[in-house]
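As a plain string of letters, each chain reads:
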Amino acid sequence: MKTRSKIQEQHSSLFSSLIIMIIVGIGVIRRCNGEGYLIGVGSYDMTGPAAEVNMMGYANMDQSTAGVHFRLRARTFIVAESSQGPRFAFVNLDAGMASQLVNIKVLDKLKSRFGDLYTEENVAISGIHTHAGPGGYLQYLVYSITSLGFVQQSFDAIVNAIEQSIVQAHHNLKPGSVFINKGDVVNAGINRSPSAYLLNPAEERARYPSNVDTLMTLLKFVDDASGKSVGAFSWFATHGTSMSKNNLLISGDNKGAAARFFEDWFSSSSSSSTTSSDSSSTTPADSSASVLSLIKKAQSMKATGGKLCGKRSSRESKVRKNNGSLFVGAFCQSNVGDVTPNVLGAFCTDSGRPCDFNHSSCHGNDLLCLGRGPGYPDEILSTKIIGERQFQKAAHLFTTATQQLTGTIDYRHVYLNFTDIEVELLDGNKKVKTCPAALGPGFAAGTTDGPGAFGFQQGDTKINELWRKLRDALKIPTPYQVNCQKPKTVLLDTGEMFVPYAWAPAILPIQMLRLGKLIILSVPGEFTTMAGRRLREAVKETLISNSNGEFDDETHIVIAGLTNTYSQYIATFEEYAQQRYEAASTLYGPHTLSAYIQEFEKLAKAMAKGEKITKGPSPPDLSSVQLKLLLEPTGDLPPPHTNFGDMKQDIILPKSGSFKKGDRPIATFWSANPRYDLLTEGTFAVVELLQGKHWVPVYDDDDFCLFFKWKVDNSTLYGTATIEWEIPRDADSGVYRLRHFGSSKKTKDSPNIYFTGASSGFAVS
């Protein structure tokens, strides 16, 4: 005879099954009515070589990777009308920008997996514009000079991560809903070229409350069957330059930090599963013990010494193990051209006074003018603050999102030769052309985020005799180019330089993705604030005027910057006149923005009318001609009588015998060059907490509070790995230790040898 509890359990189970069937049924009905989508998200580790590779962004030869602040990821969402219906994939990279060559190779891999399901037309790959990621993955020479050419390991890490994140998202496709929400982010960006912005018409400027866009647009993805959120992607414009050009640690900068904070917040607030950012995630057996007993127990936990381990050991010690089911939170870039996260403003380092307004220099010296982040002088703190401001707004938009996107999924994509586009100006009486790519003197001056070369200022239109001779030794610009680029003076004629191969892109992709009444504009560069506003307005007006009510004022337009390839900046015609950094880096001349607007209007009209569009000329694949000058890694052996993973310097305890929250325990290990194995989806550094008799990983090198630093010891010329843990305020009291993982090679042809080592235990009270 069945007991009452058994009967209740059966009723409960039947009721739960009925609810799930109803939810799934509603989802089917909604999809049949054209209201529902298939949605999928994915994420994969793309952290490149953490030693000796120049970082992409500041073009600073002295800025080569020397460790990891936190790991980089490729994050993807896919939306589809049905299993065979229209779809697109959007990939957000913790990288400086997209790369044409990366796109080419990724699409080749997708074709071998999925046939024609994912192509150049419906895949968008967008960079967040961190300036703290390894370079050497773009195919045009001007972007790889400082990285000593092409870096295969850096390139492969990105290509693999994009492919794997798309594969995850594809296999995760299930009936789901997409919600949209918008809101203003407070004090996460200011205009770094305000004098150029002021050259835009006064009546146009009067329409906007600020000289930067503060709006964040967020998409929330919800699994219909379970009702659980699976991801969120947001777009907001601010530069990835909270980390300075002196930083040597791989980092996603403020947007990567925001993503880490968001994903950990979601994990800790939606489940009881263990996450390193949740103060309740670990409950040590000694939580009620006195400080003295913690210290005594820690003293008995000695350093292990270096030991061999398996290839997957670092993955097994990873706190957030990626099985494809993790929540994905991405912070995408928008029209970021003139927006800096250094919101305190730019000041002269010698006097502390504000920099010159028009040139962003001090006494004519651009090197003395530097922007200050909100945590000044601590750039890590600035990165955290700007990341938190984006995360907090995204979390609010996420929890309050109620507007559901429904309707058509569509896309348009075209390749254009941007060196020779005929543009009909608005008055209709004059036709102009874009130019071959070129950079002006203001480009060499750099910005307040990272000043460039001495002797240049933003706004320069003259070149001194020495620099002119150097320019002419590389390439004398043609008379056509000189006239076409005016008022820019040509400092580097990159569009007419082809030795040893092309210095700058000529053929660029532009793309529109549609998700109901959301339109994503994929642009291969950095639009300034006003340039982005003009593009969004032109596209929206074109969509409305060419559709039968399908588009209206409620249509949402977002710009996805640095997408599918990279072609530097796009300033307005008026801003171009002053030739500050953004204008001097607007490659294709004063009418570049007009060309973009004209060509995007063609895409918008075709989309609104349901018409196809000609593909255009394909870009070149320059993989076979890339220069590769980076030397192979060194550091195959540890010092005599030691093993990799042995302590060089163990934890130094404070006088009290235990560390407090906010302290920074540090340990240094003898270690091999991290280029031997990137430990993808693994970790170079772990903080372990003693629980009973077992050490449990609670923080790894994907955490904002843990730092992995690698360098060659000057006195011995052997490699060392230093792990620093800034103990979070919400960390549990207990006994901890620091662990290091790495890999080495004895000979060029031998397999990798994996090792690990752990410090002595220490108490945190």
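Everything in this summary refers to the structure shown in the same document.

Turning our eyes to something else, we now look at the overall build of the chain. Scanning the chain from terminus to terminus reveals 16 helices and 35 strands. Compactness check: the chain gives a C-alpha radius of gyration of 27 Å against a globular reference of 27 Å for 765 residues, within 12% of the reference. Oriented by its inertia axes, the alpha-carbon framework of the chain measures out at about 85 × 75 × 50 Å. Sorting the 765 residues of the chain into buried and exposed places 60% on the buried side. Counting only contacts in the chain whose residues sit at least 6 apart along the sequence, the fraction spanning at least 24 positions is 78%.

Per the counting criterion, the structure on display carries three disulfides. Covalently, Cys355 is tied to Cys369 through a disulfide, its sulfur atoms 2.2 Å apart. Measuring handedness by torsion sign, the sulfur bridge of Cys355 and Cys369 sits at about 110° and is right-handed. On the criterion of sequence distance, the pair formed by Cys355 in the loop between β15 (345-348) and β16 (369-372) and Cys369 in strand β16 is long-range, its members being 14 residues apart. The exposure class assigned to Cys369 is buried, which follows from its relative accessible area of 1%. Note on cysteine connectivity: Cys435 is disulfide-linked to Cys484, with sulfurs 2.0 Å apart. Its S-S torsion of approximately -90° makes the covalent link between Cys435 and Cys484 left-handed. Taken together, the residues span a long stretch of sequence, with Cys435 in the loop between β20 (431-433) and α10 (441-445) and Cys484 in helix α12 (residues 479-485) at a distance of 49 residues. Cys484 carries the same exposure label as Cys435, and that label is buried. Disulfides within the chain link the bonded cysteines, taken in sequence order, as 1-3, 2-4, 5-6.

Taken as a whole, the largest pocket holds about 1,000 Å³ of empty space. Around the largest pocket, the lining is made up of 42 residues, and of these Tyr58, Ala59, Thr146, Phe443 and Ala444 lie nearest the centre. Of all the secondary structure elements, the ones that give two or more residues to the lining of the largest pocket are β2 (51-56), α10 and α11 (465-474). Along the walls of the second largest pocket sit 32 residues, with Phe261, Lys384, Phe704, Cys705 and Glu726 positioned nearest its centre. The set of elements that each furnish at least two residues to the lining of the second largest pocket consists of α6 (253-270), α9 (379-400) and β31 (706-712). Of the residues in the lining of the second largest pocket, the class split is 15 nonpolar, five polar and twelve charged.

Moving on, we get to the pairing of β2. Counting buried positions along β2 gives five out of six residues, so the element sits mostly inside the fold. Bridge count between β2 and strand β3 (residues 64-68): two bridges; the pairing is antiparallel. Across the sheet, the residue bridging to Ala51 is Ala66, located in β3.

Right, let's get into helix α13 (residues 529-546). End to end, α13 covers 26 Å across 18 residues, agreeing with the expected 26 Å (1.5 Å per residue, within 8%). Counting buried residues along α13, 13 of its 18 residues qualify, which places the element largely inside the surrounding structure.

For the rest of this paragraph, the subject is the side chain of Ser234. Take Ser234: it is sitting in strand β11 (residues 229-235). Judged by relative accessible area, which is 2%, Ser234 ranks as buried. When neighbours within four sequence positions are excluded, Ser234 is seen to be in contact with Met216, Thr217, Leu218, Ala330, Phe331 and Cys332.

The axes of two packed helices give the description: the angle between them and the distance between them. It is at 10 Å that the axes of helix α2 (residues 100-114) and helix α3 (residues 152-171) come closest, and there the two elements cross at 40°. As far as their axial angle goes, α3 and α2 are oblique. The interaxial crossing formed by α2 with α3 has right-handed handedness. Two secondary-structure elements touch here, α2 through Leu101, Val102, Lys105, Val106, Lys109, Leu110, Arg113 and Phe114 and α3 through Phe155, Ile158, Val159, Ile162, Glu163, Gln164, Ile166, Val167 and His170. Among the residues making up the contact of α2 with α3, the classes are represented as eleven nonpolar, two polar and four charged.

Let us look at the packing of aromatic side chains. The relative placement of two aromatic rings is captured by the distance of their centres and the angle of their planes. Within the structure shown, the criterion is met by 35 aromatic pairs. Ring plane angle 65° and centroid distance 5.4 Å describe the contact between Phe262 and Trp265, whose orientation is recorded as edge-to-face. Residue Phe262 and its partner Trp265 are located together in helix α6, separated by three residues, close to a single helical turn. Since its relative accessible area comes to 25%, Trp265 is described here as partly exposed. With centroids separated by 5.4 Å and ring planes inclined at 80°, the aromatic side chains of Phe659 and Phe762 adopt a geometry described as edge-to-face. Of this pair, Phe659 sits in strand β27 (residues 658-659) while Phe762 sits in strand β35 (residues 762-764), and the two are 103 residues apart along the sequence. Its relative accessible area of 5% is what places Phe659 among the buried residues. Cluster of aromatic residues (ring-pair linked, three or more members): Phe70, Phe261, Phe262, Trp265, Phe266, Phe327, Phe331, Phe391, Phe398 and Phe704. Above the ring of Tyr208, the side-chain terminus of Arg533 is found at 3.9 Å from the ring centroid.

On to the nonpolar core, then. Membership of the largest hydrophobic core comes to 113 residues, with the highest contact counts inside it found for Ile162, Met512, Phe600 and Trp725. Per-element accounting of this core gives the leading share, nine residues, to helix α16 (residues 592-609). Contacts of Phe600, omitting those with residues within four sequence positions, involve Ile510, Gln511, Met512, Leu521, Ser522, Val523, Leu535 and Val539. Core analysis: the next-biggest nonpolar cluster, separate from the first, contains 27 residues, Leu218, Ala232, Phe236 and Phe391 among them.

Below, the discussion takes up the pairing of strand β21 (residues 507-515). Across the nine residues of β21, nine count as buried, placing the element largely inside the fold. What you see with β21 is no split at all: Ile507, Pro509, Gln511, Leu513 and Leu515 on one side and Leu508, Ile510, Met512 and Arg514 on the other are buried throughout. Here nine bridges tie strand β18 (residues 409-417) to β21, and the two strands are oriented antiparallel to one another. Looking at β21, one finds that Arg412 is bridged to Met512. By the bridge criterion, five bridges tie β21 to strand β22 (residues 518-522) in an arrangement that is antiparallel.

Looking at the secondary structure, you find Glu688 in strand β29 (residues 685-691). Reaching out from Glu688, the side chain makes a polar contact with the side chain of Arg739 at a distance of 3.1 Å. Discounting residues that sit within four places of it in the chain, Glu688 has contacts with Trp695, Val696, Pro697, Val735, Tyr736, Arg737 and Arg739.

Mapped onto the elements of the fold, Arg73 is located in strand β4 (residues 73-80). Classification of Arg73 as buried rests on a relative accessible area of 5%. Here the alpha-carbon distance between Arg73 and Ile597, two residues 524 residues apart in the chain, equals 32 Å. Discounting residues that sit within four places of it in the chain, Arg73 has contacts with Ser43, Tyr44, Asp45, Met46, Asn92, Leu93, Asp94, Arg260, Asn322, Glu681 and Asp702. Within the structure, the side chain of Arg73 is placed 2.7 Å from the side chain of Ser43, a separation counted as a polar contact.

Conventions and cut-offs
Residues numbered from 1 in each chain as written. Predicted model: local features only at pLDDT ≥ 70, side-chain atom pairs only at ≥ 80, totals over all residues. Heavy atoms only, no water. Helix = DSSP H or I, 4+ residues; strand = E, 2+ residues; numbered from the N terminus. Rg over C-alpha atoms; globule rule 2.2 N^0.38 Å. Buried < 20%, exposed > 50% of the residue type's maximum accessible area, 1.4 Å probe, protein only. Contact = heavy atoms within 4.5 Å. Disulfide = S-S within 2.5 Å. 1 Å grid on protein atoms, 1.4 Å probe; cavity = no way out; pocket = protein on both sides within 12 Å on 5 of 7 lines; lining within 4 Å. Points joined across faces, edges and corners; volume = space filled by probe spheres on them. Nonpolar A, V, L, I, M, F, W, Y, C, P; charged D, E, K, R; others polar. Pairing = 2+ DSSP bridges. Expected span 1.5 Å × (residues − 1). Axes fitted to C-alpha atoms, helices over the stretch in contact; angles between N-to-C directions. Parallel < 35°, antiparallel > 145°, perpendicular 65-115°, else oblique. Left-handed = near helix turned anticlockwise from the far one by under 90°. Phe/Tyr/Trp six-rings, centres within 6.5 Å; stacked < 30°, edge-to-face > 60°. Lys NZ or Arg CZ within 6 Å of the ring centre and 35° of its normal. Core = buried A, V, L, I, M, F, W, Y, C linked by side-chain atoms within 4.5 Å. Polar contact = N/O pair within 3.5 Å; in protein donor to acceptor, adjacent residues only side chain to side chain.

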